[in-house]
Structures are given as C-alpha cells and as structure tokens.
Amino acid sequence: MDDKTSFWEPCWACRVMAGEPVGCVVIETEQVLVLINPFALTPGHALVVPRSHVENLYELPDELAAPILSTAARVARAVKREFAADGVTLRQNNEASSDQHLFHFHLHVIPRFSGDTEQFGASPQLAGRAEQEAWASRLRLAIEAVRS
Ligand SMILES: [Zn+2]
C-alpha cells in the first residue's frame, strides 16, 4: 500500500461525511456532496460523490446519475467563473487499472487553464488544509451565485 492509497483508506469520502476533519465539503444535497480534491491537479479541483457508498460506476444506481451530473454541471459553471478557468474537464476512473485510488464513486470536476497540459498529467501533491478551505469557500459562494 503506497502513501496515496493509505490516504484514501478506509473510505475517505465516508470519513468526510462522518465529520472527520480529513477533507473539505463545498456543498451537500440530499444525495450528493461536492468535496475539494486534496490532491488537486489545479486550484478548485472538486469531486462530486454520492452520499451512499458506491464503489464505482458499475454499481451506480440510475437514480444517482442525474443528481451527480447536474451537480457537476453547476460546479463546472461556478469554477469557470470563480477561478477564471479557460475550460473544465470531467474525469471518472473505475478500478485501480484506470487510476482509481478512492474506491467510492467520484466524478472529478477539474478547472483547466491554457498551457496546463504538463500539470494536468503530473502526480499532484497534497494541498494544505488552509488552501483547501479557501478553495471550498470560494467555490461554495460561486455555486450559490450560479444556482439559478
Ligand atoms: Zn465511501
């Protein structure tokens, strides 16, 4: 088990939802939460996760697909505006072979900036707690602003 794997186990998303101070919640709804990715590829990199523990896409119930995607769309609009992103990439990995490290379904919403290809493909470092909190609060306000 490498350092990155031990960071995510036992299930990091479930620990955040249980109130452990191991991650930053941006917003939560009845079915999904938006969390800051502690290993952000770019500032504002968020994860949309279902409240229920679902390991991957193969197990995702149909009724969660719509709230996950519509939430990701709201986050994409918000992050584009608040972080002045030039683009937004959605990414979703299933199984270790596809680079899945957190085995709780998550849809990445990644702000993109012109010329960030190298950074986008790199192995990101763990962001500091204060930095994650700052991104979360900016994103939270921006999501409220784009709600309508
Ligand atoms: Zn979980």
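Cut-off values and rules
Throughout this document, residue positions are counted from 1 along each chain, in the order its sequence is written. The model is predicted, so local features are restricted to residues of pLDDT at least 70 and side-chain atom pairs to those at 80 or more, both for listing and for counting; the totals for chains, interfaces and linings are taken over all residues. Water and hydrogen atoms play no part in the side-chain values, which are based on all heavy atoms of the structure. Donor selection uses N, O and S atoms within 2.8 Å of the metal (3.2 Å for Na, K and Ca). Since no water is included, sites may look incomplete. Each residue's exposure class comes from its accessible area (1.4 Å probe, protein chains only) as a fraction of the maximum for that residue type: buried when under 20%, exposed when over 50%, partly exposed otherwise. Note on definitions: salt bridges are taken to be side-chain nitrogens of Lys or Arg within 4 Å of carboxyl oxygens of Asp or Glu. Numbering of helices and strands starts at the N terminus; helices are DSSP runs of H or I of at least 4 residues and strands are runs of E of at least 2. Take the residue count of a helix, subtract one, and multiply by 1.5 Å to get its expected span. Think of it as the arc spanned by the lines of direction from the helix axis to the C-beta atoms. Residues count as neighbours in contact if any of their non-hydrogen atoms are within 4.5 Å of one another. Residues adjacent in sequence count toward polar contacts only when both atoms are side-chain atoms; beyond that, a polar contact is any pair of N or O atoms within 3.5 Å, and within protein one must be able to donate a hydrogen and the other to accept it.

Regarding the coordination of the zinc ion
Phase 1 of the analysis: The coordination sphere of the zinc ion, as far as protein atoms go, consists of Cys 11 (SG), Cys 14 (SG), His 53 (ND1) and His 104 (ND1), spread over 2.0 to 2.3 Å.
Phase 2 of the analysis: Using a relative accessible area of 28% as the deciding quantity, one classes Cys 14 as partly exposed.

Concerning the pattern of salt bridges
Phase 1 of the analysis: Taken as a whole, this structure holds 4 salt bridges when the rule is applied.
Phase 2 of the analysis: Note that Asp 116 is salt-bridged to Arg 112, the shortest N-O span being 2.8 Å.
Phase 3 of the analysis: On the basis of relative accessible area, Asp 116 is assigned to the buried category, the value being 6%.
Phase 4 of the analysis: For Arg 112, a relative accessible area of 17% corresponds to the buried category.

Brief notes about helix H5 (residues 129-145)
Phase 1 of the analysis: The terminal C-alpha atoms of H5 lie 24 Å apart, and with 17 residues this matches the ideal 24 Å at 1.5 Å per residue to within 8%.
Phase 2 of the analysis: Of the positions making up H5, those classed as buried are Gln 132, Trp 135, Ala 136, Leu 139, Ala 142 and Ile 143. For H5, the angular spread of buried residues about the axis comes to 135 degrees, placing them on one side. H5 presents Ala 130 and Leu 141 as exposed residues on the side facing more than 90 degrees away from its buried surface.
Phase 3 of the analysis: Of the surrounding elements, those touching the buried residues of H5 are strand S1 (25-28), strand S2 (32-36), strand S3 (46-50) and helix H3 (62-82).

Some points on the side chain of Arg 112
Phase 1 of the analysis: Topologically, Arg 112 is positioned in strand S5 (residues 107-112).
Phase 2 of the analysis: Polar side-chain contacts of Arg 112 include one of 3.1 Å to the side chain of Thr 89.
Phase 3 of the analysis: Other than its neighbours up to four places away in sequence, Arg 112 contacts Ala 85, Asp 86, Gly 87, Val 88, Thr 89, Thr 117 and Phe 120.

Quick look at unusual backbone geometry
Phase 1 of the analysis: With omega at -10 degrees, the peptide bond leading from Glu 9 into Pro 10 counts as cis.
Phase 2 of the analysis: Counting through the fold element by element, Pro 10 comes out in the loop between helix H1 (3-8) and helix H2 (12-17).
Phase 3 of the analysis: Even without glycine at this site, Ala 84 takes up a positive phi of about 50 degrees.
Phase 4 of the analysis: Within the secondary structure, Ala 84 sits in the loop between H3 and strand S4 (87-91).
Phase 5 of the analysis: For Asp 99, which is not a glycine, the phi torsion comes out positive at approximately 80 degrees.
Phase 6 of the analysis: Note that Asp 99 resides in the loop between S4 and S5.

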